[in-house]
Amino acid sequence: GKGVLFDFGFYRLPITTAKGNLDHIEIHEDCSLISTRVWDCSVLTLKWIEQICLKKTIHRNFPDVAKGLELPIIRCARPIQMLELGAGTGLLSIGLAKLGAAVIATE
């Protein structure tokens with residue numbers, strides 16, 4: 001199967017950590033289960049929160065999915081705490097942890 005932006009296989013997403021370092025989240029996708037797929041909505045949500053928390057612009061290689069979207073601007077008044085139920089590959093949880101959030105994730 002082919003997604004909007006990538007095929008199944010090795011997925012690598014750049015992210016800036018809470019310390020300001022460039023890091024990557026690497027996930028091996030396969031099509032055996034729905035929980036082994038990186039979904040575009042998790043990428044979009046993570047990059048949106050990264051932009052808010054780090055007060056920076058979205059990476060130039062940010063997926064075309066975001067073009068034309070007007071996402072609300074919010075500011076982080078306190079550290080993010082998140083419970084993710086049905087985390088699948090865990091991309092959003094892993095990314096938020098790299099941004100300094102306290103995360104609990106289950107599948």
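Details of the structure are given in the entry above.
Below you will find a few notes about this structure. Computed from a prediction, not measured in an experiment: that's the story for all the values here. (Residues numbered from 1 in each chain as written. Predicted model: local features only at pLDDT ≥ 70, side-chain atom pairs only at ≥ 80, totals over all residues. Heavy atoms only, no water.)

1. Looking at a nonpolar patch on the surface
Inference 1: Taken together, the side chains of Leu83, Leu85 and Ile104 make up a nonpolar region of the molecular surface, amounting to roughly 350 Å² of accessible area.
Inference 2: Here Leu85 shows up in strand E3 (residues 81-85). (Patch = residues over 30% accessible without salt bridge, like charges linked within 9 Å, V, L, I, M, F, W, Y side chains within 5 Å. Areas by Shrake-Rupley, 256 points an atom, 1.4 Å probe, with all protein chains shown as cover. Salt bridge = Lys/Arg side-chain N within 4 Å of Asp/Glu carboxyl O. Helix = DSSP H or I, 4+ residues; strand = E, 2+ residues; numbered from the N terminus.)

2. Let's talk about the layout of surface pockets
Inference 1: The calculated volume of the largest pocket comes to roughly 190 Å³.
Inference 2: What lines the largest pocket is a set of 17 residues, and nearest its centre among them are Trp39, Ser42, Glu84, Gly86 and Ala87.
Inference 3: Taken together, the elements giving at least two residues each to the lining of the largest pocket come down to helix H1 (40-54) and helix H2 (91-98). (1 Å grid on protein atoms, 1.4 Å probe; cavity = no way out; pocket = protein on both sides within 12 Å on 5 of 7 lines; lining within 4 Å. Points joined across faces, edges and corners; volume = space filled by probe spheres on them.)

3. Quick notes on the nonpolar core
Inference 1: Grouped together as the largest cluster of nonpolar side chains are 15 residues, with contacts concentrated most on Leu46, Leu91 and Leu96.
Inference 2: Residue assignment for this core shows that the elements contributing at least two residues are strand E1 (10-16), strand E2 (22-28), H1 and H2.
Inference 3: The contact partners of Leu46, leaving out residues within four places of it in the chain, are Leu13, Ile15, Ile25, Leu91, Leu92, Gly95, Leu96 and Leu99. (Core = buried A, V, L, I, M, F, W, Y, C linked by side-chain atoms within 4.5 Å. Buried < 20%, exposed > 50% of the residue type's maximum accessible area, 1.4 Å probe, protein only. Contact = heavy atoms within 4.5 Å.)

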